[in-house]
Amino acid sequence: MDLGVISVRYARALLNGAIAAKTEDKVYGEMHSLAQSYIEVPQLRRVIENPMLAKDKKENILVCACGSNVSDLTKRFISLVVREGREFALQFVANSYISLYRKQKNVIHGKLITASTVNSQVEEKMKQMVASKTNAVVEFQTEVDPSLVGGFVLEYDTYRLDMSVKRQLNDILKQLNK
């Protein structure tokens, strides 16, 4: 069976269970933490896929990777996945849950990249602009990239608005090289 199919089926079942238990927001945070744990700790995948590691230890590690104060639903879900021998798919299940949750709740992920830190008012204004354009709830992330020199890059959904000085200088350089 295809890993994508497995992960979406498990994620959909988890989302349906979370909605029934009215804990979908908490589970969303836990799946987000789990996905981040896989990114930040590359050894996690190797440890979880180690056939010599006992299933109860795998469960404990995965529950810890979901953050603190993990919901009973998430604990039971992880136990089921490990018991079924599908722990290799948990990173993909977490990402699929995040995608399904965002689609269900009409949530868009936006990112603002600037050359220097911006105050919360600017960040909020950009967030409101994206929300008004998309008619969705916006999760917003800011990042500082000094190589932009100035300006900003705004990304959301499938859109990218690059108003950086770096891009403008590159455009001028291309024109001069013609």
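Please read all numbers here as calculations on a predicted model, not as lab measurements.

A. Structural detail: helix 7 (residues 120-134). Its 15 residues place the ends of helix 7 21 Å apart at the C-alpha level, agreeing with the 21 Å of an ideal helix rising 1.5 Å per residue. Positive backbone phi, approximately 55 degrees, marks asparagine 135, located one or two places after helix 7.

B. Structural context of the side chain of glutamine 91. Its location among the elements puts glutamine 91 in helix 6 (residues 90-105). Side chain to side chain, glutamine 91 and arginine 45 meet in a polar contact 2.5 Å long. Setting aside residues no more than four positions away along its own chain, glutamine 91 makes contact with Tyr38 and Arg45.

C. Expanded view of the environment of lysine 127. The topology assignment puts lysine 127 in helix 7. Separated by 30 residues in sequence, lysine 127 and aspartate 157 have C-alpha atoms that sit 13 Å apart. Not counting the four nearest positions on each side in its chain, lysine 127 is found in contact with Val138 and Phe140.

D. Fine view of helix 1 (residues 3-21). Across its 19 residues, helix 1 extends 27 Å between first and last C-alpha, which sits within 8% of the 27 Å expected from 1.5 Å per residue. Of all the residues in helix 1, the buried ones are Ile6, Ser7, Tyr10, Ala11, Leu14, Leu15 and Ala18. Along helix 1, the residues classed as buried sweep out an arc of 155 degrees about the axis, all on the same side. Two residues or fewer after helix 1 comes lysine 22, characterised by a positive phi angle close to 60 degrees.

E. Structural view of the pattern of salt bridges. With the rule as written, the count across this model stands at nine salt bridges. As a salt-bridge pair, aspartate 162 and arginine 160 come within 3.9 Å of each other at their nearest N and O atoms. For arginine 160, a relative accessible area of 53% corresponds to the exposed category. Across the pair arginine 167 and aspartate 171 runs a salt bridge, and its minimum N-O distance is 2.6 Å. Residue arginine 167 and its partner aspartate 171 are both found in helix 8 (residues 165-177); the two are separated by four residues, about one turn of the helix. Residue classification places aspartate 171 among the partly exposed positions, given a relative accessible area of 31%.

Reading the values: rules and limits
Residues numbered from 1 in each chain as written. Predicted model: local features only at pLDDT ≥ 70, side-chain atom pairs only at ≥ 80, totals over all residues. Heavy atoms only, no water. Helix = DSSP H or I, 4+ residues; strand = E, 2+ residues; numbered from the N terminus. Expected span 1.5 Å × (residues − 1). Polar contact = N/O pair within 3.5 Å; in protein donor to acceptor, adjacent residues only side chain to side chain. Contact = heavy atoms within 4.5 Å. Buried < 20%, exposed > 50% of the residue type's maximum accessible area, 1.4 Å probe, protein only. Arc of directions from axis to C-beta. Salt bridge = Lys/Arg side-chain N within 4 Å of Asp/Glu carboxyl O.

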